[in-house]
Amino acid sequence: MRRRTLLAGMAGMAGAVGGSLIGAGAAPAPASTRRVLHVRPGDSVQAAVDAVDGPGWTIVVHPGTYREVVGIPADKRALTMRGATRDPRAAVIVHDNANGTKKPDGTTYGTAGSATFTSAAPGLTVRDLTIANDWLRADHPDITGTQAVAAYTYGDRTHFDNVRLLAHQDTLFVETSALAAFDRQYFHRCYIEGDVDFVFGRATAVFEDCHFHALPREVDFTPKGMVFAPSTARANPYGILAVRSRITSGAEDRAYKLARPWVPTYETTAWPSLVVRDTRIGPGIDPVAPYVDMRDAHPWQTMRFREYRNSGPGAAIPVSENRPQLTAGQAAAHTRRTYLGDWRPYA
């Protein structure tokens, strides 16, 4: 498309949303006007993003499947993108690039470049959508770079609510805008599925009331994968926090690990941090040894991996040295409020 088609499709919708619809190059809307863009099947979500010309816009994605790559640059501040209904299955943004997929120029996309949805915009809110990468290893046996990201987010105050994130390896990349930045991200009521390291990165990321699901995988080795792979900067006191959530699996019992630490070659001083608390862990997670090393030089025991008051067959009781626990006093420092500071998206 296609901006012309997108904007033409939006004509006449002002009454439905209580405000005018402003396209790229149009005169600025009055302060009292809601700045809303609608995307419908046959339109392009990216064209709507490109039409945004300042902070505070809302893009409403109507039911349908949008096969495209969407990128939100840093200057699209305080953008809201939401499904037109409250059912996140209704509107789906999906594409199928992998790390090893070749571009037209013969180079490959890399892990970050494989993402279906990328955002660098501070203050982004995404609600009631599905974001997916449906690239499959079985369809591409010649490609060894099998990371295929659904969403790659690296802006401060990024908020996902009631969003489904679907892929296999490296589903959700929660990153920061710079090595020294502690960008905050909050995921509420989200469903995230994958198999290898499917929530990873160095952001300060809080997952509350979320559902993590490890996919079945036809391989003859264990572990078949890991849920988390944090790469928190050493200077950051907070990494990934999962609270009041649940972890399930479609694989056999004990096939998955809860986490492994990621110390990137470009940031060898990283000190990964993960706290999983008040969460029900299903039998797919190894209850005896839930953590594993990614590289021998960075054993998980030297990382900031802790749990607190977890339940379910994947949470070993009694607790062993393989499952370091927070004390009640320590747990008070690992809450959404302490991680997110003066930003209160949950208020």
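The structure displayed is predicted, hence computed values, not measured ones.

This part takes up the pattern of salt bridges. Per the stated rule, a full pass over the model turns up 16 salt bridges. A salt bridge links arginine 260 to aspartate 197; the nearest nitrogen and oxygen atoms lie 2.7 Å apart. Pair noted here: arginine 260 is in the loop between strand E22 (256-259) and strand E23 (273-277) and aspartate 197 is in strand E16 (residues 196-201), with a separation of 63 residues, a long-range link. Residue class for aspartate 197 comes out buried when judged on its relative accessible area of 5%.

By the element assignment, histidine 298 lies in the loop between strand E24 (280-281) and strand E25 (304-308). Histidine 298 sits in the partly exposed class, given a relative accessible area of 21%. For the pair histidine 298 and proline 261, spaced 37 residues apart in sequence, the C-alpha separation works out to 7.5 Å. Residues contacting histidine 298, with those up to four places away along its chain left out, are Pro261, Val263, Thr268, Asp293 and Met303.

Looking now at the packing of aromatic side chains. Applying the stated rule across the entire model yields 15 aromatic pairs. Relative to tryptophan 262, the ring of phenylalanine 173 has its centre 6.1 Å away and its plane inclined at 55°; by these criteria the two rings are tilted. Taken together, the residues phenylalanine 173 in strand E13 (residues 172-174) and tryptophan 262 in the loop between E22 and E23 connect sequence positions 89 residues apart. With a relative accessible area of 5%, phenylalanine 173 lands in the buried category.

Here we have ten strands laid out as an open sheet, ordered E1-E2-E5-E8-E11-E14-E17-E20-E23-E25, and parallel in their pairing. Of all strands in the sheet, those bounded by a partner on one side alone are strand E1 (36-39) and E25. For this sheet the average axis-to-axis angle between neighbouring strands, irrespective of direction, equals 10°. Inspection of the sheet shows strand E5 (residues 80-83) paired to strand E8 (residues 125-127) by three bridges, in the parallel sense.

Let us now look at the nonpolar core. Ranked by size, the top nonpolar core spans 63 residues in total, and within it Ile59, Met81, Phe117, Phe160, Phe207, Phe212 and Phe228 carry the most contacts. Among the elements that take part in this core, helix H3 (residues 45-51) stands out by supplying four residues, more than any other. Ignoring any residue separated from it by four or fewer positions in sequence, one finds isoleucine 59 in contact with Leu37, Val39, Ala48, Val49, Val52, Leu79, Thr80, Met81 and Arg82. Counting eleven residues, the second-largest nonpolar core is a separate cluster that includes Val206, Leu241, Leu326 and Tyr339.

Before going further, it helps to spend a moment on the environment of phenylalanine 160. Residue position: phenylalanine 160 is located in strand E11 (residues 158-161). The spatial distance from the C-alpha of phenylalanine 160 to the C-alpha of threonine 125 is 5.8 Å, given a sequence separation of 35 residues. Look past the residues within four positions of phenylalanine 160 in its chain and what remains in contact with it is Phe117, Leu124, Val126, Ile131, Thr153, Leu165, Tyr186, Phe187, His188 and Cys190.

So, about unusual backbone geometry. Cis geometry marks the peptide bond from threonine 222 to proline 223; its omega dihedral reads 0°. For proline 223, the location among the structural elements is in the loop between strand E18 (211-214) and strand E19 (225-230). For asparagine 162, which is not a glycine, the phi torsion comes out positive at approximately 55°. Note that asparagine 162 resides in the loop between E11 and strand E12 (164-166). Non-glycine residue aspartate 197 carries a positive phi angle of around 50°.

The next thing to look at is the confidence of the model for the protein chain. The pLDDT averaged across the protein chain works out to 91; a share of 90% of its residues lies at or above 70. Contacts from residues 1-32, a stretch scored under 50 in pLDDT, to residues over four places away or in other chains number 52 contacts.

Conventions used here
- Chains are numbered independently. Their residues run from 1 in the order of the written sequence.
- Only residues with pLDDT of 70 or above have their local features reported here, since the model is predicted, and side-chain atom pairs are shown and tallied only from 80 upward, although totals for entire chains, interfaces and linings are computed over all residues.
- Hydrogen atoms and water are omitted, and side-chain values are computed over all heavy atoms in the structure.
- Whenever Lys or Arg places a side-chain nitrogen within 4 Å of a carboxyl oxygen from Asp or Glu, that contact is recorded as a salt bridge.
- Only DSSP runs of H or I with at least four residues qualify as helices, and only runs of E with at least two residues qualify as strands; both kinds are numbered from the N terminus onward.
- A 1.4 Å probe rolled over the protein chains alone gives each residue an accessible area, and that area as a share of the maximum for its type sets the label: buried under 20%, exposed over 50%, partly exposed in between.
- Pairs of residues are marked as contacts when any of their non-hydrogen atoms sit within 4.5 Å.
- In this scheme Phe, Tyr and Trp rings, the latter by its six-membered ring, pair at centre separations within 6.5 Å, and the angle between planes marks the pair as stacked below 30 degrees, edge-to-face above 60, and tilted otherwise.
- Only strands joined by at least two bridges in the DSSP assignment are considered to pair.
- Angles here are taken between N-to-C directions and fall from 0 to 180 degrees, while the axes themselves are lines fitted to C-alpha atoms, restricted in helices to the stretch in contact.
- We call a set of buried Ala, Val, Leu, Ile, Met, Phe, Trp, Tyr and Cys residues a nonpolar core when their side-chain atoms join them within 4.5 Å.
- Along the chain, pLDDT gives the predictor's confidence residue by residue, from 0 to 100.

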